[in-house]
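Fold and contact review
Now for the letters of each chain:
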Amino acid sequence: YAPLNGAKITLVDANGNVIVKGAAGRVLVPHYSIAVDPKVIPLGKTVTFNGKTYRADDTGGKVKGNVIDIYSGTDHAEANRIASSMKSQYANVYWG
């Protein structure tokens with residue numbers, strides 16, 4: 001075999017969807033994985049708000065303090081389109 005230096009490797013599932021891993025080393029699951037500030041909520045913890053349970057699988061540059069981002073599984077353009085139609089929401093959050 002000949003070496004292939006500098007190759008970009010992208011993991012995809014059987015349907016061709018890109019597999020993304022978060023800061024906790026887990027594959028991110030759309031509408032279940034969230035990004036948190038690990039100083040507030042430790043990675044790997046389950047988090048419940050608005051009657052739904054999520055898992056703290058990732059961190060983010062803009063996720064500081066009492067901020068949570070929900071992983072949508074869409075590309076940036078689609079995520080921005082969705083976000084522009086939504087307002088920030090505030091909820092009581094429980095984790096353990």
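Residues numbered from 1 in each chain as written. Predicted model: local features only at pLDDT ≥ 70, side-chain atom pairs only at ≥ 80, totals over all residues. Heavy atoms only, no water.

Take the packing of aromatic side chains next. Considering all chains together, one arrives at one aromatic pair under this definition. Note on Phe-49 and Tyr-54: the rings are 4.6 Å apart at their centroids and 15 degrees apart in plane angle, and the pair reads as stacked. Residue Phe-49 is classed as buried on the basis of its relative accessible area, which comes to 10%. (Phe/Tyr/Trp six-rings, centres within 6.5 Å; stacked < 30°, edge-to-face > 60°. Buried < 20%, exposed > 50% of the residue type's maximum accessible area, 1.4 Å probe, protein only.)

On to the side chain of Asp-37. Within the secondary structure layout, Asp-37 lies in the loop between strand 1 (33-35) and strand 2 (46-49). Buried charge Asp-37 goes without a salt bridge, the closest partner of opposite sign being Lys-39 at 5.6 Å. At 2.9 Å, the side chain of Asp-37 forms a polar contact with the backbone nitrogen of Lys-39. A polar side-chain atom of Asp-37 sits 2.8 Å from the main-chain amide nitrogen of Gly-65. Residues contacting Asp-37, with those up to four places away along its chain left out, are Val-63, Lys-64, Gly-65 and Val-67. (Helix = DSSP H or I, 4+ residues; strand = E, 2+ residues; numbered from the N terminus. Lys, Arg positive; Asp, Glu negative; His and termini not counted. Salt bridge = Lys/Arg side-chain N within 4 Å of Asp/Glu carboxyl O. Polar contact = N/O pair within 3.5 Å; in protein donor to acceptor, adjacent residues only side chain to side chain. Contact = heavy atoms within 4.5 Å.)

Let us look at the pairing of strand 2. Residues Val-47 and Phe-49 line the buried face of strand 2, whereas the alternating positions Thr-46 and Thr-48 sit on a face that is not buried. Bridging between strand 2 and strand 3 (residues 52-58) involves four bridges; their strand directions are antiparallel. Opposite Val-47, over in strand 3, you have Tyr-54 as the bridge partner. Between strand 2 and strand 3, which pair antiparallel and follow one another directly, the connecting turn spans two residues, one of which, Asn-50, has a positive phi of 50 degrees. Both strand 2 and strand 5 (residues 94-95) contribute to a ladder of two bridges, which runs antiparallel. Paired with Thr-48 across the strands is Tyr-94, a residue of strand 5. (Pairing = 2+ DSSP bridges.)

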